[in-house]
Amino acid sequence: MSKLEIRDLHVSVNTDEGAKPILHGVDLTISSGETHAIMGPNGSGKSTLAYSLAGHPKYEITSGSVLLDGEDVLEMTVDERARAGLFLAMQYPVEVPGVSVSNFLRTAKTAVDGEAPKIRTWMKDLKGAMAELKMDEAFINRNVNEGFSGGEKKRHEILQMELLKPKMAILDETDSGLDVDALRIVSEGINHAKATSNPGVLLITHYTRILRYVKPDFVHVFVDGKIAEEGGPELADKLEAEGYESYVGTKAA
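Here is a short report on the structure shown in this document. If you're wondering where the values come from, they're calculated on a predicted model, not measured in any experiment. (Residues numbered from 1 in each chain as written. Predicted model: local features only at pLDDT ≥ 70, side-chain atom pairs only at ≥ 80, totals over all residues. Heavy atoms only, no water.)

Another aspect to go through is the overall build of the protein chain. When helices and strands are tallied, the protein chain shows seven helices and twelve strands. Against the compact-globule benchmark of 18 Å for 253 residues, the protein chain has a radius of gyration of 18 Å, which places it among compact chains. Counting every atom, the protein chain has about 11800 Å² of accessible surface; 50% of that belongs to carbon and sulfur. Charged side chains of the protein chain number 28 positive and 39 negative; the gap between the two group centres comes to 5 Å. (Helix = DSSP H or I, 4+ residues; strand = E, 2+ residues; numbered from the N terminus. Rg over C-alpha atoms; globule rule 2.2 N^0.38 Å. Areas by Shrake-Rupley, 256 points an atom, 1.4 Å probe, with all protein chains shown as cover. Lys, Arg positive; Asp, Glu negative; His and termini not counted. Charge placed at Lys NZ, Arg CZ, Asp CG, Glu CD.)

Where helix α3 (residues 101-113) contacts helix α5 (residues 150-164), the axes come no closer than 10 Å and their chain directions differ by 35 degrees. Seen along the crossing, α3 lies across α5 with a hand that is right-handed. Across from Val 101, Phe 104, Leu 105, Ala 108, Lys 109 and Val 112 in α3, the residues of α5 making contact are His 156, Leu 159, Gln 160, Leu 163 and Leu 164. (Axes fitted to C-alpha atoms, helices over the stretch in contact; angles between N-to-C directions. Left-handed = near helix turned anticlockwise from the far one by under 90°. Contact = heavy atoms within 4.5 Å.)

Geometrically, a pair of aromatic rings is defined through the distance of the ring centres and the angle of the planes. Applying the stated criterion to the full structure yields two aromatic pairs. With 4.9 Å between their ring centres and 90 degrees between their planes, Phe 139 and Phe 148 make a pair best called edge-to-face. Here Phe 139 matches Phe 148 in class, with each residue buried. (Phe/Tyr/Trp six-rings, centres within 6.5 Å; stacked < 30°, edge-to-face > 60°. Buried < 20%, exposed > 50% of the residue type's maximum accessible area, 1.4 Å probe, protein only.)

What holds strands together in a sheet is hydrogen bonding between their backbones, with the strands either parallel or antiparallel. Read across the sheet, six strands follow the order β6-β9-β10-β3-β11-β12 without closing on themselves; strand pairing throughout is mixed. The outermost strands of the open sheet, each flanked by one partner alone, are β6 (86-89) and β12 (226-231). Direction aside, the axes of adjacent strands within the sheet are offset by 20 degrees on average. Summarising the sheet, strand β11 (residues 218-223) and β12 pair through five bridges and their orientation is antiparallel. Note that in β12 the partner of His 220 across the bridge is Glu 230. (Pairing = 2+ DSSP bridges.)

We now examine the nonpolar core. Of all hydrophobic cores here, the largest spans 44 residues; its most connected members are Leu 126, Leu 159, Met 161, Leu 171 and Ile 190. Counting residues in hydrophobic clusters, the runner-up holds 29 residues, among them Ile 6, Ile 22, Leu 49 and Met 76. (Core = buried A, V, L, I, M, F, W, Y, C linked by side-chain atoms within 4.5 Å.)

With that settled, consider the side chain of Asp 175. Note on placement: Asp 175 falls in the loop between β9 (168-172) and α6 (180-197). For the buried Asp 175, no salt bridge exists, and the shortest N-O distance to an oppositely charged side chain is 4.5 Å, to Arg 209. For Asp 175, the side chain forms a polar contact with the side chain of Thr 205, separated by 2.7 Å. In this structure, Asp 175 is in contact with Leu 183, Ile 204, Thr 205, Tyr 207, Arg 209 and Ile 210, ignoring residues within four places of it in sequence. (Salt bridge = Lys/Arg side-chain N within 4 Å of Asp/Glu carboxyl O. Polar contact = N/O pair within 3.5 Å; in protein donor to acceptor, adjacent residues only side chain to side chain.)

Attention now goes to the environment of Asn 143. Tracing the backbone through its elements, the reader meets Asn 143 in strand β8 (residues 143-144). When its relative accessible area of 24% is taken as the criterion, Asn 143 is described as partly exposed. Sequence separation between Asn 143 and His 156 is 13 residues, and the spatial gap between their C-alpha atoms is 12 Å. Among all residues touching Asn 143, those that are not within four sequence positions of it are Val 96, Pro 97, Gly 98, Val 99, Ser 100, Val 101 and Phe 148.

Glancing now at the pattern of salt bridges. Taken as a whole and assessed by the stated rule, the structure comprises eight salt bridges. Among the salt bridges present, the one from Glu 240 reaches Arg 212, with a minimum N-O distance of 2.7 Å. A residue pair is termed long-range when its members are at least 10 positions apart, and Glu 240 in helix α7 (residues 233-242) and Arg 212 in the loop between β10 (200-205) and β11 qualify at 28 residues.

Written as structure tokens, this is what we have:
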């Protein structure tokens, strides 16, 4: 059983005008097997939280703590965080010309596990995971995200989650830009990864539609860089019906 503990996290982003505070004291605990949905309007700091946890250099932690199984995440480099079990599925996955999907994934798996997977077992696992996500095996030899559609890029992110088996998966607006069919397939991939390796999941989204497929245990409303309200799945239904207007300008609960 793993646990990610975020305590009183304050984060600033470096801009041309200087440091701009974005997060104003975030408290959140995620355990293995739990799915936490973070919902909120544009500019509320949801993605800042995701990238801060992953170690993006653009974001400066000004105070607070982040522990993964008691270990100080903020003292870790980006690669150390990945090896410790943190995974980030990006909202805008980048293209990596000249690096095949197969080489990228096997190199990542080797780095995370500390040893290279056996080729025969690896190819079986890779093809099986691709089949779950309805990805053509031809993608194995294509360059990472190069020429991929938006839906294909998001499937590739979840393919990484399936194969790397992180302790904690941060999914930053994985549903953005997906049509109904792609959303269903990606959601099924998330659910399969949850069922096979039991990670904690932090699911960041604007909309409730992905929550119809990936059922959250907890829903957190994010406004002005902090959590304004927390509840169960019923809170997502309230947000769908009423929107975020009532939370704007409220204090953290």
